[in-house]
Amino acid sequence: MTTPYKFAHDAFAAALQQTYSFLTDGEESGQSVRVAGRIILLRRQGKLAFATMRDSSGEIQLFALNGVAENFEEFSKLHLGDWVGVAGEVVRTKRGELSVKVASWERLAEALHNFGDKWAGIADFDLRYRHREADLWANETTRRSLQRRSEMVRSVRERCWAAGFMEVETPILNAIPTGAVARPFVTHFNALDSDFYLRIAPELWLKRLVVGGFERVFEVGRVFRNEGVSPRHNPEFTMLELYAAYWNYEDMMSFTEELVAGVAMDVLGTTEFEYQGRQLSLTTPWARRSMAELTSEALGDDLSVHTPRAVLVELLLERGVEVHASWGPGRCLAELFEVSCEPSLWDAIFVTEYPVEVSPLSRRHPRDPELTERFESYAATRELSNGFSELNDPVDQRSRFEEQARLGAAGDDEAMRIDEDYIKALEWGLPPTAGLGVGMDRLAMLIADEANIREVIAFPTLKPLRD
RNA sequence: GCGCCGGUAGCUCAAUUGGCAGAGCAUUUGACUCUUAAUCAACAGGUUCCGGGUUCAAGUCCCGGCCGGCGCACCA
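In this text, all values refer to a predicted model and were calculated from it rather than measured experimentally.

The rules we used
Residues numbered from 1 in each chain as written. Chains lettered and ligands numbered in written order. Predicted model: local features only at pLDDT ≥ 70, side-chain atom pairs only at ≥ 80, totals over all residues. Heavy atoms only, no water. Buried < 20%, exposed > 50% of the residue type's maximum accessible area, 1.4 Å probe, protein only. Helix = DSSP H or I, 4+ residues; strand = E, 2+ residues; numbered from the N terminus. Pairing = 2+ DSSP bridges. Polar contact = N/O pair within 3.5 Å; in protein donor to acceptor, adjacent residues only side chain to side chain. Contact = heavy atoms within 4.5 Å. Near = heavy atom within 4 Å. Core = buried A, V, L, I, M, F, W, Y, C linked by side-chain atoms within 4.5 Å.

A. Representation of the pairing of strand β19 (residues 382-389). Buried residues dominate β19, accounting for six of its eight residues. Sheet topology note: the strand β18 (residues 374-379)/β19 ladder contains six bridges and is antiparallel. Pairing of Ala379 across the sheet is with Arg382, part of β19. Relative to strand β20 (residues 433-439), β19 runs antiparallel, the two sharing five bridges. Following the sheet pairing, Ser389 is matched in β20 by Ala434.

Written out as structure tokens, the structure reads:
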């Protein structure tokens, strides 16, 4: 069956509801409009038919009268899910529903499959994630969450541009996976007969652009990590990474809190909102507490990166954490922080002064060379961002990479590898620079009030069906 | 990867102790000139996720597999 190749429409449901709010019950406006959308409900009553149509803006009723609407019989037999284009007068029915009184209409596409229960929608996760198109049609919350994500990304971009950052793109196919601590996906480049890795972070490329003289750069892009899936992890996810020359990590914390709070304002109109039934505050300024401080507080002990390793190990073992032989005091402190503090960090907060041992790309803290000028922000018990003053000393960077390589040799398959090109870039001179990474999916979860990361990803990674 | 839970009509869900596999919505047919998840009547709709096993008898019990949810691990 041939369907139309186009339909010229001049009105949207939501705007019509607004514009014609003055119409009284049974009143006709005399104005004709052309609307298009999808039939989501249909009620026939003899020589009348009422359809609820949804377009991208909202919903409006279509009112068809036998003898007035062309092809009335066919109209009354439309299927739920069919796309239609309708021309007719804007009226309000006797029972008070704003409607387009159908004069002429066309079916733009036919829905051959059912789109879920018109009351209960679609509940089956497998079906919802594998056929998001049906989920979007059937479930309001899915539409809302993905819409909010889109608004969030837009807000992030606009705020970065407004702050003088230049948007750039860096390679996804990488000969060496680096810039983060994670296992990569491997692929093969036939023409070069070489294995390549999907990037685990764009970090080093972006800093090379700063070396080259682009003083403020950012990238919103997909990164890939070959790890387990969970309600908070998708193997491909979206990161905002941003670098500013001449800033240190404190400047970057200020920028981060303004950015995140600003995004919440743009999308939700507030920085105080409910997340999963509990009030959450992103209002600035955020608390800034050091990792050692928070951990000491939680455990009632005076702990730091200088606490004897044996003491930290003992505390970890008491909490059921398996301690690896390669962990130094820095790693132990970080692990201790994670188990004892993380679950209680609810309102937005910066955790600062990370051990150098777990921060191979961060600049050492001037007051303590075992610490770095690094922060992570937390909200709703989850890590939201990671930032630091960038290590710009090529000699120190090489020794950090070498330490990582030792860990790799000792069996840590997530340890960083030596990136000679990056060291050479540093030898050309990286000005004092601060960097930031924000997990956009995690932020979207907060903004959309979703507990599962898949709800804010249009097409989450699923195992392919076999059998 | 490990543990717990789940998978029944297109969708949402029932099915007692192991005893004829059901309802609502959607689809099809009919009635109805102001409906709002319209209503009413009727028809049709099944590899109970897949493969084995136990049993007179399996949606239900056992074993294996597939997919998903949650937790753990890994991480952001």
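B. Just the side chain of Asn234, in detail. Secondary-structure assignment places Asn234 in the loop between β10 (216-224) and β11 (236-245). Assessed through its relative accessible area of 5%, Asn234 is described here as buried. A polar contact is formed between the side chain of Asn234 and the backbone oxygen of Glu236, at a distance of 2.9 Å. Separated by 3.3 Å, the side chain of Asn234 and the backbone nitrogen of Thr461 make a polar contact. Apart from the residues lying within four places of it in its own chain, the contact partners of Asn234 are Ile453, Ile457, Pro460 and Thr461.

C. Expanded view of the sheet that holds strand β8 (residues 186-189). Sheet architecture is open: three strands sit in the order β7-β9-β8, paired in antiparallel fashion. Unpaired on one side and paired on the other, β7 (173-174) and β8 mark the two borders of the sheet. For β7 and strand β9 (residues 194-198), the ladder comprises two bridges, and the chain directions are antiparallel. Directly across from Asn174, in β9, lies its bridge partner Tyr197.

D. Inspection of the protein's contact with RNA strand B at higher detail. The immediate surroundings of RNA strand B are formed by 55 residues, with Thr93, Arg95, Lys118, His233 and Asn234 found nearest. Backbone sugar and phosphate groups make up 60% of those atoms of RNA strand B lying within 4 Å of the protein. In this structure, a phosphate oxygen belonging to RNA strand B sits 3.0 Å away from a main-chain N or O atom of Asp124. At the level of secondary structure, the elements contributing two or more residues to the surface near RNA strand B comprise β1 (28-45), β2 (48-54), β3 (59-65) and α3 (125-130).

E. The nonpolar core, seen in detail. Ranked by size, the top nonpolar core spans 45 residues in total, and within it Met152, Leu240 and Met252 carry the most contacts. If you list the elements that add at least two residues to this core, you get α5 (140-162), β10, β11, α7 (249-268), β12 (272-275), β18, β20 and α13 (440-448). Ranked by residue count, the leading element in this core is α7, at nine residues. Beyond its immediate chain neighbours, meaning those up to four positions away, Leu240 contacts Val156, Cys160, Phe218, Glu219, Val220, Leu259, Leu436, Gly437, Val438 and Met440. Formed by 25 residues, the second largest nonpolar core is a distinct cluster that contains Val33, Ala51, Met53 and Leu98.

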